[in-house]
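Residue strings, one per chain:
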Amino acid sequence: VEAAPKDPILGVTEKFLADPNPEKMNLGVGAYRDDDGQPVVLDCVREAERRICNNKFMEYLPMGGLKPFVDESLKLAYGDDSAELAEGRVAAIQSLSGTGSCRVMADFMHRFKPDAKIYITVPTWANHHNIWRDANVEQDTFRYYHPETRGLDFEGMVEDMKAAPSGSFFLLHACAHNPTGVDPTLEQWKEISQVMKDKGHFAFFDMAYQGFASGDFERDAASIKTFLDDGHLIGCSQSFAKNMGMYGQRIGAFSLVCADKNEAAAVESQMKRLARPTYSNPPVHGALLAHTVLADAELKKQWYAEVKGMADRIIDMRSALRSELEKLGSPHSWNHVTDQIGMFAFTGLSPEQVDKMYEHSIYLTRNGRISMAGVNTKNVKRLAECIHSVTTA
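Residues numbered from 1 in each chain as written. Predicted model: local features only at pLDDT ≥ 70, side-chain atom pairs only at ≥ 80, totals over all residues. Heavy atoms only, no water.

Caption draft 1: The arrangement of the overall build of the chain in detail. Along the chain, the regular secondary structure elements total 16 helices and 13 strands. Expressed as lengths along the three principal axes of its C-alpha atoms, the size of the chain is roughly 65 × 55 × 50 Å. Taken across its 393 residues, the chain has 54% of its residues classed as buried. Considering only residue pairs separated by 6 or more positions, the chain has 74% of its internal contacts joining residues 24 or more positions apart. Within the structure as shown, the chain displays about 17700 Å² of accessible surface, and the carbon and sulfur contribution to it stands at 51%. Charged side chains of the chain number 43 positive and 53 negative; the gap between the two group centres comes to 3 Å. (Helix = DSSP H or I, 4+ residues; strand = E, 2+ residues; numbered from the N terminus. Buried < 20%, exposed > 50% of the residue type's maximum accessible area, 1.4 Å probe, protein only. Contact = heavy atoms within 4.5 Å. Areas by Shrake-Rupley, 256 points an atom, 1.4 Å probe, with all protein chains shown as cover. Lys, Arg positive; Asp, Glu negative; His and termini not counted. Charge placed at Lys NZ, Arg CZ, Asp CG, Glu CD.)

Spelled out as C-alpha cells, the structure:
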C-alpha cells in the first residue's frame, strides 16, 4: 500500500501549523473566523445546546435520520410555501453534511443510472471529483470560470450544456461557487434553467452556503426556486457546517424532487437503502441542535441575524482587501475581489505566486483561492502588501 497523496486543502494547514512566524495566516481552510481570527460558535447554537443538554437520549436514529430536522431543512431549501413539499413529492434523508449528501447522490446515480455521467464545473471543489470517482460514476466537465475576466464564462457554460447529450446530469453550486466565488445572476439562472429544461438535463444543486453568501437565505436559494418554478425535478445537497458553524457535527440533508408522492416514497426508501451499508444511520446530536434552531421562531430569527453578521463581515473584508490593493497602486484590476461572493475569493494568483506567498507565511491553496473568513482588520493590510509584492515582482 502506497502512501496517499496529501489533500490539497489540508496540506496547506499542515504547512501553516509548522510555521513558527507569529504573523502567519491560514487562508486555506473554509471555516469562519471572527475579527480576532478565532473560531465562532453561534449564540443560537449555544442556546440550542443548553436546551437539549441532559434532555435527550442518545439512541440510534432511523436510517433516514431525524425526520423533524429533515422537514425543517427542506423548508429552508425549497421554501415554506413549496408546492413540492405540500404535495409530498420530495424524497429526503439526513446526511453527513454536504460531502455525505453528494456521496449518496453519486451512489444513487451509479445504481439507477449506471451509464450516466456527471458534468462538473471547471473549476470546482476538489472533493467533488473524489466523490463521484469513488462511486464509479463517469465524469465530464463544463466551462464555468473565465480566467481572463475572473468572472463567469456564461456563453461557454451554456454552449457546453447545449452540446451535452440530452438527459445529462449537471452538478451546480446553488450559491457562493467554490472555489471561485463567481455566481450567475438571477437572469442567467433563468436562462440556464431553460436550456437545461429544453435538453432534459437533471440539475443536482450542492448548497453548502445558504445564507452565508449574501446574508439572505431566500436570495441564496433563488437558483433552486428558479428551477422549481420551471417545473424541473431536481436534487439538492444541504450542509449546516458553514451557516450554523457546526463543522464537526456533520449535519446536512439530501433530497430529490419526484413526479408524485408514490415515486417520492420509493426513491426515499432507496436513499435509505444506500445509507445503510455506508454509515448505517446519521449522528443525532447535531441534528437535534439544528432542529432546535430551525423549529423555534425566536432562535431561527436570531440565527438569521447571526448568519447575516458573518456574511457582512466577509463582504466588508472583500472591500477592505480591494481598497488596500488599490492604495498600493497595483497595476492590476481587483474588481473581482468584490464582485465575487461567499467564503472564497479566487484571486487569480498563479501557483508560482502562491509559492512566494508561502515565503511571507501566508497560506492558501495553489489555485489562488483564499478563504475570506481568515481575513480580518488586523491582517488585511499585510495580506494586500504581500499580494502586491508577488503580483508586481
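That shown, we press on.
Caption draft 2: Geometry of the sheet that holds strand E8 (residues 202-207). Taken together, the 7 strands give an open sheet; going across it, the order is E2-E10-E9-E8-E7-E3-E4, and neighbouring strands pair in mixed fashion. The two strands at the open ends of the sheet, each matched to only one other strand, are strand E2 (90-95) and strand E4 (138-143). Neighbour-to-neighbour, the strand axes of the sheet open up by a mean angle of 20°, direction not taken into account. The strands touched by helix H10 (residues 222-229) within the sheet are strand E7 (169-173), E8, strand E9 (235-239) and strand E10 (252-257), with E8 carrying the most contacts at an inclination of about 160°. (Pairing = 2+ DSSP bridges. Axes fitted to C-alpha atoms, helices over the stretch in contact; angles between N-to-C directions.)

Caption draft 3: Up close: the packing of helix H12 (residues 285-295) against helix H13 (residues 297-327). H13 packs onto H12 with a crossing angle of 95° between their chain directions and a minimal axis gap of 5 Å. It follows that H12 is roughly perpendicular to H13 by the angle criterion. The residues of H13 that touch H12, namely those facing Thr-292, Val-293, Leu-294 and Ala-295, are Ala-297, Leu-299, Lys-300 and Trp-303. Residues of the contact of H12 with H13, tallied by class, amount to 6 nonpolar, 1 polar and 1 charged. (Parallel < 35°, antiparallel > 145°, perpendicular 65-115°, else oblique. Nonpolar A, V, L, I, M, F, W, Y, C, P; charged D, E, K, R; others polar.)

Caption draft 4: Molecular detail of the state of the cysteines. Applying the stated rule across the entire model yields 0 disulfides. Unpaired in terms of disulfides, Cys-102 finds its nearest cysteine sulfur in Cys-236, a separation of 9.6 Å. A residue is classified by how much of its surface remains accessible, and Cys-102, at 0% relative accessible area, is buried. (Disulfide = S-S within 2.5 Å.)

Caption draft 5: Layout of H12. Taking burial as the measure, the 11 residues of H12 include 8 buried ones, the bulk of the element. All of the buried residues along H12 are Gly-286, Ala-287, Leu-288, Leu-289, Ala-290, Thr-292, Val-293 and Leu-294. Residues of H12 that are buried in the fold lie against helix H2 (43-52), helix H3 (67-78), E2 and H13.

Caption draft 6: A look at the nonpolar core. Of all hydrophobic cores here, the largest spans 98 residues; its most connected members are Tyr-78, Leu-172, Trp-303, Leu-321 and Leu-383. Element by element, the count of residues in this core is highest for H13, at 8 residues. Ignoring sequence-local partners within four residues, the contact set of Tyr-78 consists of Leu-85, Val-90, Ile-224, Leu-228, Ile-234, Cys-236, Ser-255 and Val-257. Membership of the second largest hydrophobic core comes to 28 residues, among which are Ala-116, Ile-120, Ile-131 and Val-137. (Core = buried A, V, L, I, M, F, W, Y, C linked by side-chain atoms within 4.5 Å.)

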